[in-house]
Amino acid sequence: MAALSRPRRSVLYMPGSNGRALEKGRSLLADGLILDMEDAVSPDSKKLARDQIMAALDAGGFGPREIQVRVNGLNTPWGYDDIVATARSKADAILLPKVESPETIRQVAAIMQAEGAHENMRIWCMMETPLAMLNARDIAGAHPLLGGFVMGTSDLAKDLNCAHTRDRLPMITSLGLCMLAARAYDLAILDGVYLDLSDDEGFRASCVQGRELGFDGKTLIHPKTIETANTTFAPSDADIAWARKIIAAHQEASARGQGVVLVDGKLIENLHVVSAQRLVGLADQIAAMETTTTPE
């Protein structure tokens, strides 16, 4: 399942026009980076951002972090060249802005294949408009190269003309539609950013809500929020211990020909074991990642 193929607790946006930021990304404890050519870059710096991102990817040094490149849309003067350059790079994924239809994904997939993109490169979609919400199912099933969704909650709130409240009730339907589509097609899905960097409590609450809703992690706009996202979206020690306990108990029961077993008074079936195995697998990958990631 793509959503559980690697840790994505914290994914930090980094403007491609800022060379120092790109260098700093190699030492941050984020699970992933989004090297941005789009919203974070002014029109007169688009080519600079592309050139600097490509140079950074060629140089490498990002370790186990997942690297996505957010390109400009195909309907802009820069989009096609952004996609071609990224398809030829070592990036893990091309992140497309404002995706509203399956056709956009198919067009980008065709470009990637024509440019010889490496076999593990995927397409990710920014889901940030009302039409994207209504077409989430079709977008999710558009192409085998699709890897996941990134929620663009700021743009979505603008287009919905709704309040961006702490509980996000005005956009819960939109978040749910994208979550359903992503899980139906085995895609990863990342929650949107939290814009108030002075509100640590609000950010933590947003992470907790995101995890409760089922998101794999949080997109971030500042390195200081990485630790909270990592902690919130990681399995707790208690959860890991419980998962290992029910896996072992179920294995023993299966050896006796039993399909269910009681553990601490709770009925454990195969569906619980599958969830436990996913959690333990994620925890193991986080532990491995943390041993190979150099802190700032």
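What you see is a predicted model, and the numbers here were worked out from it, not measured in a lab.

Chemist: For this particular structure, what's the right way to read the environment of His164?
Modeler: Structurally, His164 can be placed in the loop between α7 (153–160) and α8 (172–184). Once residues within four sequence positions are removed from consideration, His164 is found in contact with Thr153, Ser154, Ala157 and Met171.

Chemist: Mind showing me how you'd approach the packing of aromatic side chains here?
Modeler: The final tally for this structure, using the stated rule, is 1 aromatic pair. Measuring from ring centre to ring centre gives 6.2 Å for Tyr194 and Phe203, while their planes differ by 65°; the resulting arrangement is edge-to-face. Taken individually, Tyr194 and Phe203 each receive the classification buried, so the pair is uniform in this respect. Sitting above the plane of the Trp78 ring, Lys46 keeps its charged end 5.2 Å from the centroid.

Chemist: What should I look at first to understand the nonpolar core in this one?
Modeler: Where a protein is soluble and globular, its nonpolar side chains tend to be buried together. Counting residues in each nonpolar core, the largest one holds 62 residues, and the members touching the most others are Leu35, Ile123, Met127 and Phe149. Discounting chain neighbours no more than four positions away, the residues touching Leu35 are Met14, Leu22, Ile53, Leu57, Ile67, Gln68, Val69 and Arg70.

Chemist: Please explain the pattern of salt bridges as it appears in this structure.
Modeler: Close approach of charged atoms lets side chains of opposite charge pair. In this structure the tally under the stated criterion is 21 salt bridges. Asp51 is the salt-bridge partner of Lys47, the closest N and O atoms lying 2.8 Å from each other. Taken together, the residues span about one helical turn, with Lys47 and Asp51 both in helix α2 (residues 46–59) at a distance of 4 residues. Judged by its relative accessible area of 53%, Lys47 is exposed. In this structure, Lys245 engages Asp264 in a salt bridge whose closest nitrogen and oxygen atoms are separated by 2.9 Å. One end of the pair, Lys245, is in helix α11 (residues 237–255); the other, Asp264, is in the loop between β9 (261–263) and β10 (266–268), with 19 residues separating them in the sequence. Given a relative accessible area of 40%, Lys245 falls into the partly exposed group.

Chemist: Looking at this structure, I do not really get the packing of helix α9 (residues 200–213) against helix α10 (residues 226–233). What am I missing?
Modeler: Relative orientation and spacing of two packed helices are given, respectively, by the angle between their axes and the distance between those axes. Contact geometry for α9 and α10: axes closest at 9 Å, N-to-C directions at 30°. Considering the angle they form, α9 stands roughly parallel to α10. At the point where α9 passes α10, the crossing takes the right-handed sense. Between α9 and α10, the contacting residues are Phe203, Arg204, Cys207, Val208, Gly210 and Arg211 on the first element and Thr228, Ala229, Thr232 and Phe233 on the second.

Chemist: Sorry, what's going on with a nonpolar patch on the surface here?
Modeler: A grouping of Val260, Leu262 and Leu267 is seen on the molecular surface, where their side chains present a nonpolar patch of about 290 Å² in accessible area. As for its position among the elements, Leu267 is in strand β10. Given a relative accessible area of 48%, Leu267 falls into the partly exposed group.

Chemist: Even after reading the chapter, I still don't get the sheet that holds strand β5 (residues 122–127), so can you show me in this structure?
Modeler: Pairing between the strands of a sheet comes from backbone hydrogen bonds, and it takes one of two forms, parallel or antiparallel. Read around the barrel, 8 strands follow the order β1-β2-β3-β4-β5-β6-β7-β8 and close on themselves; strand pairing throughout is parallel. Neighbour to neighbour, the strand axes of the sheet diverge by 25° on average, direction disregarded. Where strand β2 (residues 32–36) lies against strand β3 (residues 66–70), 5 bridges are found, and the strand directions are parallel. The residue of β3 that forms the bridge with Leu33 is Ile67. Against the sheet, α9 makes contact with β7 (188–191) and β8 (217–220), and its axis sits at roughly 140° relative to β8, the strand it touches most.

Chemist: Would you mind showing me how to read the pairing of strand β1 (residues 10–15) here?
Modeler: For a regular strand, side-chain orientation follows a simple rule: the groups alternate between the two sheet faces. Counting buried residues along β1, 5 of its 6 residues qualify, which places the element largely inside the surrounding structure. With 3 bridges joining them, β1 and β8 adopt parallel strand pairing. Opposite Ser10, over in β8, you have Lys218 as the bridge partner. Pairing of β1 with β2 involves 5 bridges; the strand directions are parallel. Considered in β2, the bridge of Leu12 is made with Leu33. Following the backbone out of β1, through helix α1 (residues 19–24) and into the adjacent parallel β2, one traces a crossover that is right-handed.

Chemist: I tried to follow the state of the cysteines on my own but got confused; where do I start?
Modeler: Simply put, disulfide is the name for a covalent bond between the sulfur atoms of two cysteines. What the rule picks out here adds up to 0 disulfides. In this structure Cys162 is not part of a disulfide, and its nearest cysteine sulfur, from Cys178, lies 13 Å away. Look at Cys162 and you get partly exposed, because its relative accessible area is 21%. Unpaired in terms of disulfides, Cys207 finds its nearest cysteine sulfur in Cys178, a separation of 19 Å.

Chemist: Could you clarify how one ought to interpret the pairing of strand β6 (residues 146–151) in this entry?
Modeler: Here β6 lies mainly inside the structure; 6 of its 6 residues are buried. Strand direction decides the pairing type here: β5 and β6, joined by 5 bridges, are parallel. Paired with Met127 across the two strands is Met151, which belongs to β6.

Chemist: Help me understand unusual backbone geometry in this model?
Modeler: What you tend to see is this: most non-glycine residues have negative phi, and most peptide bonds are trans. Not every positive phi belongs to a glycine, and Lys98 is a case in point at roughly 45°. A positive phi is found at Arg168, a non-glycine position, where the angle reads about 55°. By the element assignment, Arg168 lies in the loop between α7 and α8.

Conventions used here
Residues numbered from 1 in each chain as written. Predicted model: local features only at pLDDT ≥ 70, side-chain atom pairs only at ≥ 80, totals over all residues. Heavy atoms only, no water. Helix = DSSP H or I, 4+ residues; strand = E, 2+ residues; numbered from the N terminus. Contact = heavy atoms within 4.5 Å. Phe/Tyr/Trp six-rings, centres within 6.5 Å; stacked < 30°, edge-to-face > 60°. Buried < 20%, exposed > 50% of the residue type's maximum accessible area, 1.4 Å probe, protein only. Lys NZ or Arg CZ within 6 Å of the ring centre and 35° of its normal. Core = buried A, V, L, I, M, F, W, Y, C linked by side-chain atoms within 4.5 Å. Salt bridge = Lys/Arg side-chain N within 4 Å of Asp/Glu carboxyl O. Axes fitted to C-alpha atoms, helices over the stretch in contact; angles between N-to-C directions. Parallel < 35°, antiparallel > 145°, perpendicular 65-115°, else oblique. Left-handed = near helix turned anticlockwise from the far one by under 90°. Patch = residues over 30% accessible without salt bridge, like charges linked within 9 Å, V, L, I, M, F, W, Y side chains within 5 Å. Areas by Shrake-Rupley, 256 points an atom, 1.4 Å probe, with all protein chains shown as cover. Pairing = 2+ DSSP bridges. Right-handed = clockwise from strand over helix to strand, strands pointing away. Disulfide = S-S within 2.5 Å.

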